[in-house]
There are 8 protein chains.
Amino acid sequence: MKIVIVMGSDSDFPVVEKSVEVLKKFGVEYDVRVMSAHRTPFDALEFAKNAEKEYELIIGAAGKAAHLPGVLAGVSCLPVIGLPIKSSTLDGMDSLLSIVQMPSGVPVATVAINGAENAALLAVQILSVKYEALRIKYREYKEEMAQAVRAKDAALQERLK
Amino acid sequence: MKIVIVMGSDSDFPVVEKSVEVLKKFGVEYDVRVMSAHRTPFDALEFAKNAEKEYELIIGAAGKAAHLPGVLAGVSCLPVIGLPIKSSTLDGMDSLLSIVQMPSGVPVATVAINGAENAALLAVQILSVKYEALRIKYREYKEEMAQAVRAKDAALQERLK
Amino acid sequence: MKIVIVMGSDSDFPVVEKSVEVLKKFGVEYDVRVMSAHRTPFDALEFAKNAEKEYELIIGAAGKAAHLPGVLAGVSCLPVIGLPIKSSTLDGMDSLLSIVQMPSGVPVATVAINGAENAALLAVQILSVKYEALRIKYREYKEEMAQAVRAKDAALQERLK
Amino acid sequence: MKIVIVMGSDSDFPVVEKSVEVLKKFGVEYDVRVMSAHRTPFDALEFAKNAEKEYELIIGAAGKAAHLPGVLAGVSCLPVIGLPIKSSTLDGMDSLLSIVQMPSGVPVATVAINGAENAALLAVQILSVKYEALRIKYREYKEEMAQAVRAKDAALQERLK
Amino acid sequence: MKIVIVMGSDSDFPVVEKSVEVLKKFGVEYDVRVMSAHRTPFDALEFAKNAEKEYELIIGAAGKAAHLPGVLAGVSCLPVIGLPIKSSTLDGMDSLLSIVQMPSGVPVATVAINGAENAALLAVQILSVKYEALRIKYREYKEEMAQAVRAKDAALQERLK
Amino acid sequence: MKIVIVMGSDSDFPVVEKSVEVLKKFGVEYDVRVMSAHRTPFDALEFAKNAEKEYELIIGAAGKAAHLPGVLAGVSCLPVIGLPIKSSTLDGMDSLLSIVQMPSGVPVATVAINGAENAALLAVQILSVKYEALRIKYREYKEEMAQAVRAKDAALQERLK
Amino acid sequence: MKIVIVMGSDSDFPVVEKSVEVLKKFGVEYDVRVMSAHRTPFDALEFAKNAEKEYELIIGAAGKAAHLPGVLAGVSCLPVIGLPIKSSTLDGMDSLLSIVQMPSGVPVATVAINGAENAALLAVQILSVKYEALRIKYREYKEEMAQAVRAKDAALQERLK
Amino acid sequence: MKIVIVMGSDSDFPVVEKSVEVLKKFGVEYDVRVMSAHRTPFDALEFAKNAEKEYELIIGAAGKAAHLPGVLAGVSCLPVIGLPIKSSTLDGMDSLLSIVQMPSGVPVATVAINGAENAALLAVQILSVKYEALRIKYREYKEEMAQAVRAKDAALQERLK
């Protein structure tokens, strides 16, 4: 049970790091790679071609004209999660559209702009289709999240008294 | 190996039908349901709560302020694929943002606006993490797609001679 | 005469606080709750189901794929005011469209992005349909606002002399 | 219990007509007026000034640089519902922003672009804060809506058998 | 030869100040007023009704749902220049569309978002249709502007040597 | 008292024709010219240079990357009204931004997308700063417009009885 | 002197055909190929790798999440012209951003949405850096274009007499 | 082998400087000029008319209603690269659309918003159609870029060990 996060640039790591934390929390093994659809296209394709041997899922993170997730999805049969990175202009709208608007035949499972935490959680959900143990952990996570919201509500009630 | 497509309105069916065709092609069992996050919220939550017993994955299709996929994802531990439906105004941009911009903790795997075929293909990719046979079919599908592109290229070369 | 403000996250409180000030000024009783359409969906629905017993109106504040006001409006018969919160990307456009573009049958009374003051004022206007005393206060408020504008104009005339 | 719908142009009537149908269904008395914030500004202000005497709520429908609802709200203490009309360009985005982005102090309760049905339903919800009988009708309407969704789901199950 | 700048809020003055500087430079007499289409609608209309007696042109500056220029143009026969002010969200796109997208019959001469300098220059151009002396000054201004560009180019050539 | 309408392409004439009708109605003499900032740049500049001799105002109509009004305004001291033409993609947003977002120093008085009628009315307003007779006609026009709205309102009241 | 047009899908040909006409007019030899960055990624990379041997320039045409031009530019050293194709939703904005917003290091020379004629003209301009004869033809083309504008202007003057 | 970068304003130089660095690296001779389509239109046209004598390519950088590259392309037969500069509002979207959406007949080879590095690299690619030595350098640059990505990937692997 191992997945891989591929970033178009190592400058995306501060965002991607939140994916890593989630994967650690869930005990999902992972690699993080820097690879570019534009600067190292053959590396990226070669990697995607062999990804199935080592990984069960790919997260592709990229900004601007964000082609990396789509290109990986063009090669690999693995599910590819696309994480649009907010860039210096256009607030990430270019990244989002470049990732989500994939043509028929090659889907990319897109999450919110800079939604690194959700990219990893989606990976967990997908893996838990196969791994029952992960499903159980995810259910606990959901319950914790609910409890956290309830705790915040309770704290607010205290504060507003 | 059964999935469910939930539509916010039966008027979404002409788009959703293309998902159904893909699922048939791949031999994935499916149900299609009409359920609304706004008009039948308790039905939707109750459904989502029990979805895990019967299904391995949910596709949620909705337009405008498209809350259905997110609400189902709030309840169920299953992966939820979000299919934004193009509505009468704003070209589906409202549907896309309402589905993809989910807050931390509750991801929805979003595909392109009206990308019904890709929603189903993503479902196939996710299931094939578990079901090897589906992976094999998907690999064949990818190869067919490639051959179709090559055939179209060949036809064009003929035509342009 | 009591209303409730429901926030999707307690991080929305710095914005929502301006609603609270307005309600205090008008002497409208209120509760503020943290509840999430995605993290505590059953709590939210249960709350909405019973809201009518205690409250006369709901203000729902949420950011990004802002489903909370719409989901509350799906359950409750009370008027629901939607307050789109500006998030870290897209300048609140995602929140606005997720709240205002509600499908036929389930309206949400949407105010401007981060328009917390207006959300509360709209609540006052709505309540004053029933409560004559509130109408009188609101008329005074409008007059004060006009006087403030006139005072600023006068101050500017002084300054520019 | 009477409300008024004010349109910026009689060309908005085909959209506004759906509001009228809803009001009829709920037995809410109404007037429909054509009045322009730009072409008959004094009429509009005079009307707004006296609206309180005859009406309990205003729906303002307008397209493009849609100032009518905001201008009425500037004068009247009544709640003003803003209905953005989709115009020949920009898909109604100009109407929506011109109506919803009201500055602090003067809210307009905005519904979806061309959401005429919802404008009327919101009026019903607001009035039902005062008129218990209307609340009961609205609850029935919500129940009918839910039943309609369930019926459509059932019909689809038949069809897909 | 006197014009008036009307601002929706005195918080717009830091932007509007650049208009004032241009008017001073050209020797155009001016008043600056704070007046609101929403908070002091009757003042605004009354002002617009009488503006012709004292002024030859109106500049209307406003942000968000920026109705002020359009409302003044609805009343007065004077040319109205609209200056969209960038607000805290949406980068001034709401202000721009609220001002420029005026319906048939009531034009507003719109300049760029925060384009205060240009609003005043446009006023000068319009007045110079009547006042030959202003035209001559404007021609000099254009020539100065050209010389400034040429000087900057020369300075750059020095710097890059 | 003569003005000129310059179009970037003769395909803009069906829109521009509405400007012509307004000018005829007001008895403003006009020429209509086809000239392109891109295809006949020297013609356009030469024309703009001499425009002052024959005309008192320029209307520039153009679509897509609509440079014509800005380029004419760069040369001529006359007021330039910019009329953004809706093109085959992007709904005229490209034309609008290319015309309205002029840099400091060279304003273009922009009207709504395809707002040909308003372009001509703005011309009338500007000319009437100088020509009192035109002001009187414009005042009548405004009054007619108001009467037309009132007549439509009356007709609607009849119809809805 | 041969170039190649690569389309992501043969459904782009009706747009691309206008490029072909321009190339014919200028006597530039060309191939047109169908190849997909997503469906035949290895073909596309292999093609791009060898393109230099046969071609002097690449035009890449694609819609939606339009990765083809960027991916070709990632591999080949040839200049790559990107032609964004308008798709069924979002009016080509997704195609434009996916093509033009390329990250540092790998430029794509982007033309207007559906600007097939301009893609070919840009190719001619680029080739004419090397081929003087093409420069001469292009100068004639520019002159013809100017004459056509002048002829249209003359025709309009006739018509408006 | 000399090119020219023309900026609409010397305030664009901090962005344009990155183009200069790339040109230096590749040994491409260049001039940088300040010239404005609006403030010095005749200078700009005159310059463009003669550009061919001295230069082989033009880079035009401009912000807001960015007409400079299009106007230069209207005159010169040289390929014109358009570099949209991000301005104080709208995040450069106005610059991008004003440059890329050129009408048929006059293309501008547009790069990303603030993509100064890519503007220069595109120039290198275009020139290398003619100058084989530049092609070789560009191939090396591409290889260096790939190596840099691989080095970053390797460094990350170290770090994550």
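No experiment lies behind these values; they were computed from the predicted model shown.

### Digging into the packing of aromatic side chains
And step 1. Applying the stated rule across the entire model yields 32 aromatic pairs over all chains.
And step 2. Ring geometry for F:Phe47 against F:Tyr55: centres 5.9 Å apart, planes inclined by 40°, an arrangement best described as tilted. As far as burial versus exposure is concerned, F:Phe47 and F:Tyr55 are alike and both buried.
And step 3. Each member of the aromatic cluster is reached from another via a ring pair, and the members are A:Phe26, A:Tyr138 and A:Tyr141.
And step 4. Directly above the ring of C:Phe42 sits B:Lys49, whose terminal nitrogen or CZ lies 5.3 Å from the centroid.

### Things to note about the interface of chain E and chain D
And step 1. Counting residues at the interface gives 24 residues for chain E and 24 residues for chain D.
And step 2. Here chain E packs against chain D, burying approximately 2400 Å² in sum over the two surfaces, 68% of which is carbon and sulfur.
And step 3. The largest per-residue losses of area from chain E upon contact with chain D belong to E:His38, E:Phe42 and E:Gln101, which jointly make up 25% of the total buried on that side.
And step 4. When residues of the side of chain E that touches chain D are traced back to their parent elements, those giving at least two are helix 2 (41-54), helix 3 (68-75) and helix 4 (93-100) of chain E.

### Regarding the pattern of salt bridges
And step 1. With the rule as written, the count across this model stands at 99 salt bridges over all chains.
And step 2. Between A:Asp10 and H:Lys152 there is a salt bridge, and its shortest N-O distance comes to 3.9 Å. Remark: H:Lys152 occurs in helix 6 (residues 132-160) and A:Asp10 occurs in the loop between strand 1 (2-7) and helix 1 (13-26); the pair is interchain, linking two chains.
And step 3. For A:Asp10, a relative accessible area of 30% gives the class partly exposed.
And step 4. Where salt bridges share partners, they join A:Lys2, A:Asp31 and A:Glu54 into one cluster.

### Quick look at the relation of the copies chain C and chain D
And step 1. For the match of chain C to chain D, the screw axis carries a shift of 0.0 Å, the RMSD comes to 0.0 Å, and the turn is 180°. The superposition of one copy onto the other is thereby described by a two-fold rotation axis.
And step 2. A share of 100% of the interface residues of chain C reappears at the interface of chain D, consistent with the copies meeting face to face through the same patch.

### Examining the side chain of E:Lys64
And step 1. Within the secondary structure, E:Lys64 sits in the loop between strand 3 (58-63) and helix 3.
And step 2. Put simply, E:Lys64 is tucked away with no salt bridge, and the nearest opposite charge, on E:Asp94, sits 6.3 Å away.
And step 3. Discounting chain neighbours no more than four positions away, the residues touching E:Lys64 are C:Ala112, D:Gln101, D:Met102, D:Pro103, E:Ile85, E:Ser87, E:Asp94, E:Ser95 and E:Ser98.

### Comments concerning the relation of the copies chain E and chain D
And step 1. Of the transformation placing chain E onto chain D, the axial shift is 0.0 Å and the rotation is 180°, giving an RMSD of 0.0 Å.
And step 2. Mapped onto chain D, 100% of the interface residues of chain E are again interface residues, and the two copies thus contact each other with one and the same surface.

### Overview of the domain arrangement of chain A
Residues and elements named next belong to chain A.
And step 1. Domain annotation for chain A reports domain 1 (2-130) and domain 2 (132-161).
And step 2. Distance from the C-alpha centre of domain 1 to the C-alpha centre of domain 2: 28 Å.
And step 3. Taken residue by residue, the interface counts 12 residues in domain 1 and seven residues in domain 2.
And step 4. Overall, the association of domain 1 and domain 2 removes approximately 860 Å² of surface from exposure, summing both partners, and the carbon and sulfur fraction of that is 61%.
And step 5. At the junction of domain 1 with domain 2, the criterion picks out one salt bridge.

### Considerations on the packing of helix 5 (residues 116-127) of chain D against helix 6 (residues 132-160) of chain D
In a pair of packed helices, the angle between the axes and the distance between the axes together describe the arrangement.
Residues and elements named next belong to chain D.
And step 1. Closest axis-to-axis distance for the helix 5/helix 6 pair is 8 Å, and the angle between their directions is 135°. Viewed along their axes, helix 5 and helix 6 adopt a mutual orientation that is oblique. The crossing of helix 5 and helix 6 is left-handed. From helix 5, Glu117, Leu121, Val124, Gln125 and Leu127 reach across to helix 6, where they touch Leu134, Arg135, Tyr138 and Tyr141.
And step 2. Of the residues assigned to the contact of helix 5 with helix 6, the class counts are six nonpolar, one polar and two charged.

### Notes on helix 1 (residues 13-26) of chain H
All names here are of chain H.
And step 1. Taking 1.5 Å of rise per residue, the 14 residues of helix 1 would be expected to cover 20 Å, and the 20 Å separating its terminal C-alpha atoms lies within 8% of that figure.
And step 2. Where helix 1 is concerned, the buried positions are Phe13, Val15, Val16, Ser19, Val20, Val22, Leu23 and Phe26. Buried residues of helix 1 fall within an arc of 160° about the axis and therefore sit on the same side. What points out from helix 1, more than 90 degrees from its buried face, is the exposed set Pro14, Glu21 and Lys24.
And step 3. Taken from the residues just after helix 1, Gly27 is the one with a positive phi, measuring 70°.

### Considerations on the interface of chain C and chain D
And step 1. Contact residues are listed per partner, giving 42 residues for chain C and 42 residues for chain D.
And step 2. Contact between chain C and chain D buries roughly 3400 Å² in total, counting both sides, with carbon and sulfur atoms accounting for 59%.
And step 3. Among the residues chain C hides against chain D, the three largest losses belong to C:Cys77, C:Pro107 and C:Val129. Together they make up 19% of the total.
And step 4. Put simply, chain C and chain D have four salt bridges between them.
And step 5. C:Glu52 is the salt-bridge partner of D:Arg135, the closest N and O atoms lying 3.6 Å from each other.
And step 6. Taken together, chain C and chain D are joined by 25 residue pairs in polar contact (both at pLDDT 80 or more).

### Notes on the side chain of H:Asp31
Residues and elements named next belong to chain H.
And step 1. With respect to the helices and strands, Asp31 occurs in strand 2 (residues 29-34).
And step 2. In terms of polar contacts, Asp31 uses its side chain to reach the side chain of Tyr55, at 2.5 Å.
And step 3. If we skip the residues at most four places from it in the chain, Asp31 touches Lys2, Ile3, Val4, Ile5, Glu54 and Tyr55.

### Notes on the packing of helix 1 (residues 13-26) of chain B against helix 5 (residues 116-127) of chain B
Residues and elements named next belong to chain B.
And step 1. Two numbers describe how helix 1 lies on helix 5: the axes approach to 7 Å, and their chain directions differ by 35°. Here helix 1 and helix 5 pass one another in a crossing that is right-handed. Each of Val15, Val16, Lys18, Ser19, Val22, Leu23 and Phe26 in helix 1 lies in contact with helix 5, whose residues at this interface are Ala116, Glu117, Ala119, Ala120, Leu121 and Val124.
And step 2. When the residues that make up the contact of helix 1 with helix 5 are grouped by side-chain class, the tally is 10 nonpolar, one polar and two charged.

### Notes on the pairing of strand 3 (residues 58-63) of chain C
All names here are of chain C.
And step 1. Counting buried residues along strand 3, five of its six residues qualify, which places the element largely inside the surrounding structure.
And step 2. Two strands pair when backbone bridges link them, and strand 1 (residues 2-7) and strand 3 are joined in this way by four bridges, in the parallel orientation. Looking at strand 3, one finds that Val4 is bridged to Ile58.
And step 3. As paired elements, strand 3 and strand 4 (residues 80-85) share six bridges and run parallel to each other. Opposite Ile58, over in strand 4, you have Val80 as the bridge partner.
And step 4. Handedness of the crossover joining strand 3 and strand 4 through helix 3 (residues 68-75) is recorded here as right-handed.

The rules behind each value
Per chain, residue numbering runs from 1 following the sequence as it is written. To label them, take the chains in the order written and letter them from A, then take the ligands in the order written and number them from 1. Restriction of local features to residues with pLDDT of at least 70 applies here, the model being predicted, together with a cutoff of 80 or more for giving and counting side-chain atom pairs; totals for whole chains, interfaces and linings are based on all residues. Based on all heavy atoms of the structure, the side-chain values leave hydrogens and waters out of the count. Working definition: rings of Phe, Tyr and Trp (its six-membered ring) pair if their centres are within 6.5 Å, and the pair is stacked with planes under 30 degrees apart, edge-to-face with planes over 60 apart, and tilted otherwise. Exposure categories follow from relative accessible area, calculated using a 1.4 Å probe and restricted to protein chains: below 20% of the type maximum is buried, above 50% is exposed, and the middle band is partly exposed. The rule for a charge over a ring is simple: NZ of Lys or CZ of Arg within 6 Å of the ring centre, and within 35 degrees of the ring normal. Working rule for contacts: check all heavy atoms of both residues, and any pair within 4.5 Å makes them a contact. A quick way to say it: buried area is the sum, across both parts, of accessible area lost when two parts are put together, with a 1.4 Å probe. The numbering of helices and of strands both runs from the N terminus, where a helix is a DSSP run of H or I of at least 4 residues and a strand a run of E of at least 2. A carboxyl oxygen of Asp or Glu within 4 Å of a side-chain nitrogen of Lys or Arg is what we treat as a salt bridge. Copy-to-copy superposition: least squares on the C-alpha atoms, limited to residues that have pLDDT of at least 70 in both copies. Charged residues are defined here as Lys and Arg on the positive side and Asp and Glu on the negative side; His and the ends of the chain fall outside this count. Each domain's extent is set by a domain assignment, obtained either automatically or from a database. Each axis is a line fitted through C-alpha atoms, and for a helix only the stretch in contact is used; angles between axes span 0 to 180 degrees, taken between their N-to-C directions. Working rule for angles: under 35 degrees goes down as roughly parallel, over 145 as roughly antiparallel, 65 to 115 as roughly perpendicular, anything else as oblique. Handedness of a crossing follows from how the near helix is turned relative to the far one, being left-handed for an anticlockwise turn of less than a right angle and right-handed for a clockwise one. Amino acids outside the nonpolar list (Ala, Val, Leu, Ile, Met, Phe, Trp, Tyr, Cys, Pro) and the charged list (Asp, Glu, Lys, Arg) are all regarded as polar, and Gly is one of them. Here the expected span of a helix is defined as 1.5 Å times the quantity of residues minus one. Here the arc refers to the set of directions running from the helix axis out to each C-beta atom. Two N or O atoms count as a polar contact when they lie within 3.5 Å, although within protein this holds only if one can serve as hydrogen donor and the other as acceptor, and sequence-adjacent residues are included solely when both atoms are side-chain atoms. By this definition, two strands are paired if DSSP reports at least two bridges between them. Look down the strands so they point away from you; if going from the first strand over the helix to the second traces a clockwise path, that crossover is right-handed.

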